[in-house]
Amino acid sequence: ASSIENNEDIYHILGVALDHKLSRKTTVRVREEFIMTDDPEISKGGSVRRDQTHFINRFSPSIKYDINRKTYVNTRIDHDIKRFDDKAVANESDEDRIALEVMAYHTVAKNTAVNGKLGYTQTDFESKTFGIQRGSDVIRTSLGGERVLNPALRVGANVGVDMVDHEDPGLGSKTEPYGDVNFTVSPSPAV
């Protein structure tokens, strides 16, 4: 760690998870998470690191519809707000993000499934001090799959394309490949 960093940060996390079955085939889920990080200003020997204390609020409602025993469609909205206490830091680092994702999921064999996703994310992120727009709109399409290797381990991968439109006209638009690999370990698979 740098000599002008403090040795500890304090995090506070409060979350709520609600699931409700509207019908035999339809489930509504709501996730709310509030995270606060206490990371005060530090100055040492003429160097100053500004107060990084901030909060993040994440709100994620979703609705899952079971088409049949092997196939479902899930629609989810994510709304994130990040706010810093220090006004100078806030002018450069406050951020808003809203995302919508629709996923179709199909089980093709006992331990194997495939999915397709279409998503849209809008990020509002600007430098108020310098008047630079750093926001973007992203449309993502992907196809993927996952395999349950044993009751405690699941692996998956997705590949696709991101179509990015930057708010700053100098950055323009571009299309980029997208990919991810994920591992889910469940120490208590029965839970």
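Only a predicted model underlies this, so the values are computations on that prediction, with no experimental measurement involved.

**Details of the side chain of Asn-74**
- Within the fold, Asn-74 resides in strand β6 (residues 71-84).
- When its relative accessible area of 13% is taken as the criterion, Asn-74 is described as buried.
- Apart from residues lying up to four places away in sequence, Asn-74 is in contact with Ser-62, Ile-63, Lys-64, Glu-101, Val-102 and Met-103.

**Quick notes on the packing of aromatic side chains**
- According to the stated counting rule, one finds two aromatic pairs in the structure shown.
- Ring centres of Tyr-72 and Tyr-105 lie 4.8 Å apart, and the angle between their planes is 20 degrees; this geometry places the pair in the stacked category. Of this pair, Tyr-72 sits in strand β6 while Tyr-105 is found in strand β7 (residues 95-109), placing the two residues 33 residues apart along the sequence. Taken individually, Tyr-72 and Tyr-105 each receive the classification buried, so the pair is uniform in this respect.
- Here Lys-64 stacks its cationic end above the ring of Tyr-72, 4.5 Å away from the centre of that ring.
- Here the guanidinium or amino end of Arg-140 rests over the ring plane of Tyr-178, the centre of that ring lying 3.6 Å away.

What counts, and where the lines are drawn
- One numbering rule holds for all chains: residues counted from 1, following each sequence as written.
- Reporting in this predicted model follows two pLDDT cut-offs: at least 70 for local features of residues, and 80 or more for side-chain atom pairs to be given and counted; totals over whole chains, interfaces and linings ignore these cut-offs and use all residues.
- Side-chain metrics rest on all non-hydrogen atoms present in the structure, leaving aside hydrogens and water.
- Helix and strand definitions follow DSSP, with helices as H or I runs of at least four residues and strands as E runs of at least two, each counted in order from the N terminus.
- We call a residue buried when its accessible area falls under 20% of the maximum for its residue type, exposed when it is over 50%, and partly exposed in between, using a 1.4 Å probe and counting protein chains only.
- Between two residues, a contact is recorded if the distance between any of their heavy atoms is within 4.5 Å.
- Pairing of aromatic side chains requires ring centres within 6.5 Å, counting the rings of Phe and Tyr and the six-membered ring of Trp. Pairs whose planes differ by under 30 degrees are stacked, by over 60 edge-to-face, and all others tilted.
- Throughout this description, the term charge over a ring refers to an Arg CZ or Lys NZ atom that lies within 6 Å of the ring centre and within 35 degrees of the ring normal.

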